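Summary of structural features
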Amino acid sequence: MEQETRPLLASEDDHLGGSSSSISPEMIDADYPVDEMELREDSDASAEEAARFEALLLLPWYRRPSVFWLLPLAFVIAVVLGMSGAPQEQPVFTIGFYTSLSDRIGRKMLMYLTLIPAVFSQLFIVYMALSSTKFGRGLLYIEAFLNGSFGAGTLLDTSMNAYIVDSTPRDQRPVVFGYAMVAFSVGLIIGPAFGAFYIKWTGDTSSALVVSASAYAVMAVYCIILPESLPAVKRRSVKEIIDANEGHTILTRLNLVITKTLDPLLLFLPGRIDESAAAAKPPRRNTLFMIVSASAILKFAPYGIATTFIPYTNLVHQWKSVENLFFYTVMGAVTFFVYVAIFPLLQILYNRFVLPDHSKRPEIRSQGEEERTMEEQGSLRIDVSDSNIKDLRFFLFGAILYVIGYAIVVAYERPMVLFLSMSIHTLASVGYPSFISMLTSYVPVHQTGMALGGISVLEAITNALSSLLYGWIFAQTSASMPSAIYVTSTVLSLAAVLVILATLRTFRQGM
């Protein structure tokens, strides 16, 4: 692996274990020779990360990456998706390549690869729908191939998650992830209603696609002013990357592309993470594999239920499109309430009553004061460990709620129980941002995009497999026991609970 330059944000006199308040905004500018600084040999990666975030706070607002830059982007994209009602494709074999490349070029690249192709894709569909179009439908397959080659819109989630990880201290990430989810959920609520109104007003079904293309174009321009979150010392230009691969044969380059495509999915196997540069180290070599496996199991059930939910409600409760639309609207409102009010409150209560006193970070000393003592440096490491245990407990909390939410549908097959189950599952979803927060604490900056890309690839595979399995189960049991899909989900979620409990036990043994 290429030796990475370390994201240093302090001068030789400003040890990361000691004073760091003298860091200036210029020290993280792209032209500042950060990679030439010398670090204390005993400074740990968590102290480096703390110094990097401290330096970010000194930047002017228009140069400081923050989740608040992402909220308008998430909202507009969600409205567009709601208007068009178009599902996102899952191009498994391109996600990993581009997300790995974002660890070199930057996170904004993923946003451009989502937005710019989407503009042309929407306009192309409008053009193909015209009666005067002379091209055959074979051109649609070419468009689908090209769109999939550029990620087909699935890179947006990964780019936003990586952006949040780069710009947010790890103890704040779960709540910040929740803010982005709120913006997206509100957009999905507004999108269908706005799309229906606009189509009715214009009398043209393709008008919504024109608005979608325009919105994508505006967001692509917006990304120009969006501050890049990947530290400047980690970034490489496209020319540098091309020059580094110059002289390789076609077979060598093809092998490199295949490796970059598969590496994200294999990153969670023992020994694949560059732990020397990570902010925290897992208690066991298989810890990452276990928590990622638990997340995949938990995702399997909601994906499968989503595939069969409308056929299930039509069969069991005789719901029509109106009832289903009302259900998803209520889900959006519940999601907003959970992530704006309940989840932050749960975080506050946990920090106040559960988090140990020794996990409080030591006060940052100003320039000229003594360096932190070894005990203080130790408390910083303990803080990371306690924060990860907190995230793991929230992850477990969510998994248990998933079990309860599925089980009550099996026990009481009533329409109102579906709304109760949905509310419980929405609250259970707070475990996912906690999972991402914990996972990224074990991954260094130069592997963040690859790790999140691996999660996206795994979720795409899980989505495809769950759709097949749940569709088959519902087809076989719809006449005798339609709730069999919920029984399956209960069992899967219970299995995830057991995996998380086993992982939590390794954390306790390592303390």
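Counting restarts for each chain: residues are numbered from 1 in the order of the written sequence. Residue-level local features of this predicted model are given only where pLDDT is at least 70; pairs of side-chain atoms are given and counted only at 80 or more, and the full residue set underlies all totals for whole chains, interfaces and linings. Only hydrogens and water are set aside when side-chain values are computed; all heavy atoms of the structure are taken into account.

1. Focus on the overall build of the protein chain
Threshold: Only DSSP runs of H or I covering at least 4 residues are called helices, and only runs of E covering at least 2 are called strands; the numbering of each starts at the N terminus. Classification of residues uses two cut-offs on accessible area relative to the type maximum, computed with a 1.4 Å probe and protein chains only: under 20% is buried, over 50% is exposed, and between them is partly exposed. We call two residues in contact whenever any of their non-hydrogen atoms come within 4.5 Å of each other. To measure how exposed things are, a 1.4 Å probe is used in the Shrake-Rupley method; for residues, cover is taken only from the protein chains shown.
The helix and strand tally for the protein chain stands at 17 helices and zero strands. Looking at the 511 residues of the protein chain, the share that counts as buried comes to 51%. Residue pairs at least 24 apart in sequence account for 83% of intrachain contacts in the protein chain once pairs closer than 6 positions are excluded. When the accessible area of the protein chain is evaluated, it comes to approximately 24,400 Å², of which 65% is carbon and sulfur surface.

2. Overview of unusual backbone geometry
A positive phi is found at Gln-318, a non-glycine position, where the angle reads about 55°. Note on placement: Gln-318 falls in the loop between helix H11 (287–316) and helix H12 (321–353).

3. Let's talk about the environment of Thr-308
Following the sequence through the fold, Thr-308 ends up in helix H11. Along the primary structure Thr-308 and Trp-472 are separated by 164 residues, whereas in three dimensions their C-alpha atoms are 9.9 Å apart.

4. What to know about the nonpolar core
So the rule is basically this: Side-chain atoms within 4.5 Å are what join buried Ala, Val, Leu, Ile, Met, Phe, Trp, Tyr and Cys residues into a set we call a nonpolar core.
Membership of the largest hydrophobic core comes to 92 residues, with the highest contact counts inside it found for Leu-73 and Tyr-486. Considering every element that reaches this core, the biggest residue donor is helix H13 (residues 374–411), with 12 residues. Discounting chain neighbours no more than four positions away, the residues touching Tyr-486 are Ile-305, Phe-309, Tyr-312, Tyr-406, Val-409, Val-410 and Leu-418. Listed in part, the seven residues of the second largest apolar core include Tyr-98, Met-109, Leu-113 and Val-457.

5. Considerations on the environment of Phe-336
Mapped onto the elements, Phe-336 comes out in helix H12. Phe-336 sits in the partly exposed class, given a relative accessible area of 39%. Spatially, the C-alpha atom of Phe-336 lies 9.1 Å from that of Gly-178, the residues being 158 residues apart in sequence. When sequence neighbours within four positions are dropped, the list of residues in contact with Phe-336 reads Val-182 and Val-186.

6. Some words on the packing of aromatic side chains
Each aromatic ring pair is summarised here by two numbers: the centre-to-centre distance and the angle between the ring planes. Short version of the rule: Here the aromatic set is Phe, Tyr and Trp, taking the six-membered ring for Trp, and pairing holds for ring centres within 6.5 Å; pairs whose planes are under 30 degrees apart are stacked, those over 60 apart are edge-to-face, and all others are tilted. Criterion for a charge above a ring: Lys NZ or Arg CZ within 6 Å of the ring centre, and within 35 degrees of the ring normal.
As enumerated under the stated definition, the model contains 22 aromatic pairs in all. Ring centres 6.3 Å apart and planes at 75° place the aromatic pair Phe-309 and Trp-319 in the edge-to-face group. Residue Phe-309 is found in helix H11, and its partner Trp-319 is found in the loop between H11 and H12; the two are separated by 10 residues along the sequence. Each member of the pair Phe-309 and Trp-319 is classed as buried. Aromatic pair Trp-319 and Phe-419: ring centres 5.9 Å apart, planes at 50°, arrangement tilted. Taken together, the residues Trp-319 in the loop between H11 and H12 and Phe-419 in helix H14 (residues 415–428) connect sequence positions 100 residues apart. An identical accessibility class is assigned to Trp-319 and Phe-419; each is buried. Chaining the aromatic ring pairs together yields one cluster made of Phe-309, Trp-319, Phe-326, Phe-327, Tyr-328 and Phe-419. Sitting over the face of the ring of Tyr-432, Lys-299 holds its NZ or CZ atom 4.1 Å from the ring centroid. Between the NZ or CZ atom of Arg-352 and the centre of the ring of Phe-353, over which it lies, the distance is 5.2 Å.

7. As for the pattern of salt bridges
Here is the rule: When a carboxyl oxygen of Asp or Glu is within 4 Å of a side-chain nitrogen of Lys or Arg, the pair counts as a salt bridge.
Overall, the coordinates contain three salt bridges when judged by the stated rule. Put simply, Arg-107 and Asp-103 hold a salt bridge, and the shortest N to O gap is 2.8 Å. Note that Arg-107 and Asp-166 form a salt bridge whose closest N and O atoms lie 2.7 Å from each other. You can see Arg-107 sitting in the loop between helix H3 (92–105) and helix H4 (108–129) and its partner Asp-166 sitting in helix H6 (residues 155–167), a full 59 residues away along the chain. With respect to class, Arg-107 is no different from Asp-166; both count as buried. Linked by salt bridges that have partners in common, Asp-103, Arg-107 and Asp-166 make up one network.

8. Re H14
Stated formally: In this analysis, the expected span of each helix is defined as 1.5 Å times one less than the number of residues it contains.
For H14, built from 14 residues, the straight-helix expectation of 20 Å at 1.5 Å per residue is met to within 8% by its first-to-last C-alpha distance of 20 Å. Buried residues dominate H14, accounting for 10 of its 14 residues. Considered for burial, the residues of H14 that qualify are Val-417, Leu-418, Phe-419, Ser-421, Met-422, Ile-424, His-425, Thr-426, Leu-427 and Ala-428.

9. Notes on a nonpolar patch on the surface
The line we're drawing: The patches described consist of residues with a relative accessible area above 30% and no salt bridge, like charges being joined within 9 Å and nonpolar side chains (Val, Leu, Ile, Met, Phe, Trp, Tyr) within 5 Å.
The grouping of Leu-262, Leu-265, Leu-266, Leu-269, Phe-289, Ile-461, Leu-465 and Leu-468 at the surface amounts to a nonpolar patch, some 690 Å² of accessible area in total. Those elements that provide at least two residues to the nonpolar patch are helix H10 (250–266) and helix H16 (448–477). If you trace the backbone, Leu-266 turns up in helix H10. Given a relative accessible area of 36%, Leu-266 falls into the partly exposed group.

10. Some thoughts on the confidence of the model for the protein chain
To keep things clear, this is the line we draw: pLDDT is a residue-level measure of predictor confidence that goes from 0 to 100.
Per-residue pLDDT for the protein chain has a mean of 77; in total, 74% of the residues score no lower than 70. Looking over the protein chain, one finds the lowest element-wise mean pLDDT in helix H9 (residues 238–244), namely 58, and the highest in H14, namely 94. Note on residues 1–43: pLDDT is under 50 here. Beyond four places in sequence and across chains, it has 95 contacts. Scored below 50 in pLDDT, residues 360–382 makes 38 contacts in the model with residues more than four places away or belonging to other chains.

11. With respect to the packing of H6 against H16
Our working definition: Every axis corresponds to a line fitted to the C-alpha atoms, with the helix fit spanning only the stretch in contact, and the corresponding angles, defined between N-to-C directions, vary from 0 to 180 degrees. Relative orientations are named as follows: roughly parallel for angles under 35 degrees, roughly antiparallel for angles over 145 degrees, roughly perpendicular for angles from 65 to 115 degrees, and oblique for any other angle. Each crossing gets its hand from how the near helix is turned against the far one by less than a right angle, where anticlockwise is left-handed and clockwise is right-handed. Polarity classes work like this: nonpolar for Ala, Val, Leu, Ile, Met, Phe, Trp, Tyr, Cys and Pro, charged for Asp, Glu, Lys and Arg, and polar for all others, with Gly in that last group.
Running from N to C, H6 and H16 point in directions that differ by 140°, and their axes come no closer than 9 Å. Of the possible angle classes, the one that applies to H6 and H16 is oblique. Between H6 and H16 lies a crossing of right-handed hand. Together, Thr-158, Asn-161, Ala-162 and Val-165 of H6 and Thr-448, Gly-449, Leu-452, Gly-453 and Ser-456 of H16 make up the contact between the two elements. Here the residues of the contact of H6 with H16 sort into three nonpolar, six polar and no charged.

12. Digging into the packing of H12 against H14
The contact between H12 and H14 brings their axes to 9 Å, and the two run at 40°. What the angle tells us is that H12 and H14 run oblique. The two elements H12 and H14 meet at a crossing, and its hand is right-handed. Of the residues in H14, those touching H12 at Phe-326, Phe-327, Val-330, Met-331, Val-334, Thr-335, Val-338, Tyr-339, Ile-342 and Leu-346 are Leu-418, Phe-419, Met-422, Ser-423, Thr-426 and Leu-427. Within the contact of H12 with H14, the residues separate by chemical class into 13 nonpolar, three polar and no charged.

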